[in-house]
Each structure stands twice: as C-alpha cells, then as structure tokens.
Amino acid sequence: MNTKDAAFQWAKKIKSGQDQLGFEWKELRNCIHEEWSVQLLAGDVFQIEGWSLPPKLRLIFEDVDDIISLPTLMTERQATIAPMFRQIVESHQIEDYQAHDLSNLHVDYFQFQELAFQECVDKIDCSQIRKEFKEFDVWNVSRFWKYLTVFYQRDKDIDIYAQSGVSDRIYARIQALAALHDEFGYLTDRAVQVHFDSKEKFDRAGGWRGYYS
C-alpha cells in the first residue's frame, strides 16, 4: 500500500472524523477487538486486475503496537481473520466482494502512523529545496523511501557546508516543509532522515541504479 491508495486516504478521513466505516468493516473491527483487543482503523479487499495472485484483505491499524498483538504468520491470519471477514460478507449477503475469491484471502497489516509519515516525506518539494539552496552548490535533492539525500557538487562540499551550518539550514528547511503536511502531529517527536552526499560520488556509482544498490 502506498500513500495514494484509496484505502489509506479513506483511513485519513475516518481518523479525522470526516467519514466512518461501512457495516462489514465495523463488524470486522468488533471481531478483531474482541479477539485481540486492538482497534481496526480501516481496510479494503485488494486484487490487481488480470493477475492470478490471491486477493488481499489489507487492514490498517494505528501503529506497530496493535500489529504486534495480532497473528504473525500468514497461515494464522488466513485461519483466523480471513474467516471472520468471509463470514460477515456471506451472512449479510454483501455483493461488493463477489468478484473476489474470499476462500483464498491473504491478510496484510499496515501501520497508519508509518503511512502518514511517508506521506509527509512524499509531499516534500525537492525542487524547491534545490532552488532555495542553489547558491550553495546543491546539485540535486533525491527522495528514497523515507529519507532524502541532498547532493552537493563536490566531495569536499559535504564538510565545507556541514561546518558552515548550511547543511543544518537545509535539514531544518526539510523538516519545516514536511511539517506542512503533518495532519496528525506525528512529526512532533520524529524527523525526516536527511543524508548529505556529492555529485562526484553519485557519478562514481554510475547513476541512480548504482548509487541506491
């Protein structure tokens, strides 16, 4: 699941009080809470059209503490949580899932806090940082998963701008831009990781594939 997925965007609305769970999800939330004392936030049944892979019951919980309490192995998830959802759908004759084979339903967990944090990182305007600090030999700003890499032109620039405080200013600016999208206050005790490197090292690695391999 990525931050653009409808399931995550729906979870955001639920958490902020702009929407609520449908009947089947409320029923599943109650079953999961009764069994493991954790709170389901949202979820969906996901299957890539045209693929032969089993459908996935993707469940979003608040944080890792919730997930720790749930069944770990996929076989355990399929033997416990999947039947709960299947029984709800079948007993109430919910037609929305007829296209999916719920008898072979995989169950995946997702952390809302991690997705929300990732969205803050995803929405940082890297080109804006590059423009604002162009005079300090910033060649590029690259996003890779949950962190950003700021590339100066030369290897020696890394030490020069660290000592002069420019890197600290860039770091602070990145945190400020991320905070603009922090709808749920998760950045109050967490920061976006920022690495500083050089175009010279990037070139020696042979480009993006070599650099991030």
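Residues numbered from 1 in each chain as written. Predicted model: local features only at pLDDT ≥ 70, side-chain atom pairs only at ≥ 80, totals over all residues. Heavy atoms only, no water.

Let's shift gears to empty space enclosed by the protein. Under the defined criterion, the tally for this structure stands at 1 cavity of 30 Å³ or more. What lines the largest cavity is simply Ala-116, Glu-119, Cys-120, His-181, Asp-182, Glu-183 and Phe-184. (1 Å grid on protein atoms, 1.4 Å probe; cavity = no way out; pocket = protein on both sides within 12 Å on 5 of 7 lines; lining within 4 Å. Points joined across faces, edges and corners; volume = space filled by probe spheres on them.)

Strands in a sheet are paired, the pairing made by backbone hydrogen bonds, and the direction either parallel or antiparallel. Taken together, the 3 strands give an open sheet; going across it, the order is S1-S2-S3, and neighbouring strands pair in mixed fashion. Where the open sheet ends on each side, the last strands, each with one partner, are strand S1 (40-46) and strand S3 (106-111). The mean inter-strand angle of the sheet, taken between neighbouring strand axes irrespective of direction, is 20°. One ladder, built from 6 bridges, connects S1 with strand S2 (residues 56-61); its direction is antiparallel. Along S2, the bridge assignment pairs Val-45 with Leu-57. On top of the sheet, helix H2 (residues 23-36) reaches S1 and S2; it is set at about 120° to S1, its chief contact. Along the sheet, helix H5 (residues 112-122) contacts S1, S2 and S3; its crossing angle with S3, the most-contacted strand, is approximately 60°. (Pairing = 2+ DSSP bridges. Helix = DSSP H or I, 4+ residues; strand = E, 2+ residues; numbered from the N terminus. Axes fitted to C-alpha atoms, helices over the stretch in contact; angles between N-to-C directions. Contact = heavy atoms within 4.5 Å.)

Here the focus is the pairing of S2. Within S2, 5 of the 6 residues are buried, which leaves the element mostly enclosed by the surrounding structure. In the sheet, S2 pairs with S3 via 6 bridges, with the strands oriented parallel. Directly across from Lys-56, in S3, lies its bridge partner His-106. (Buried < 20%, exposed > 50% of the residue type's maximum accessible area, 1.4 Å probe, protein only.)

Structurally, the position occupied by Pro-71 is in the loop between helix H3 (64-68) and helix H4 (74-91). Residue Pro-71 is classed as buried on the basis of its relative accessible area, which comes to 11%. Separated by 39 residues in sequence, Pro-71 and Phe-110 place their C-alpha atoms 13 Å apart. Dropping the residues within four chain positions of it, Pro-71 is found in contact with Trp-36, Glu-76, Arg-77, Thr-80, Ile-81 and Tyr-109.

Looking now at the pattern of salt bridges. Enumeration over the complete set of coordinates arrives at 15 salt bridges. Between Glu-114 and Arg-190 there is a salt bridge whose closest N-O contact spans 2.6 Å. Of this pair, Glu-114 sits in helix H5 while Arg-190 sits in the loop between helix H8 (166-179) and strand S6 (193-198), and the two are 76 residues apart along the sequence. A network of salt bridges, in which partner residues are shared, links Lys-12, Glu-119, Lys-123 and Glu-183. (Salt bridge = Lys/Arg side-chain N within 4 Å of Asp/Glu carboxyl O.)

Packing of H2 against H4 leaves a shortest axis separation of 10 Å and a crossing angle of 145°. Here H2 runs over H4; the crossing is right-handed. Across the interface between the two elements, Glu-24, Trp-25, Glu-27, Leu-28, Cys-31, Ile-32, Glu-35 and Trp-36 from H2 touch Thr-80, Ile-81, Met-84, Phe-85 and Ile-88 from H4. Its residues placed into classes, the contact of H2 with H4 shows 9 nonpolar, 1 polar and 3 charged. (Left-handed = near helix turned anticlockwise from the far one by under 90°. Nonpolar A, V, L, I, M, F, W, Y, C, P; charged D, E, K, R; others polar.)

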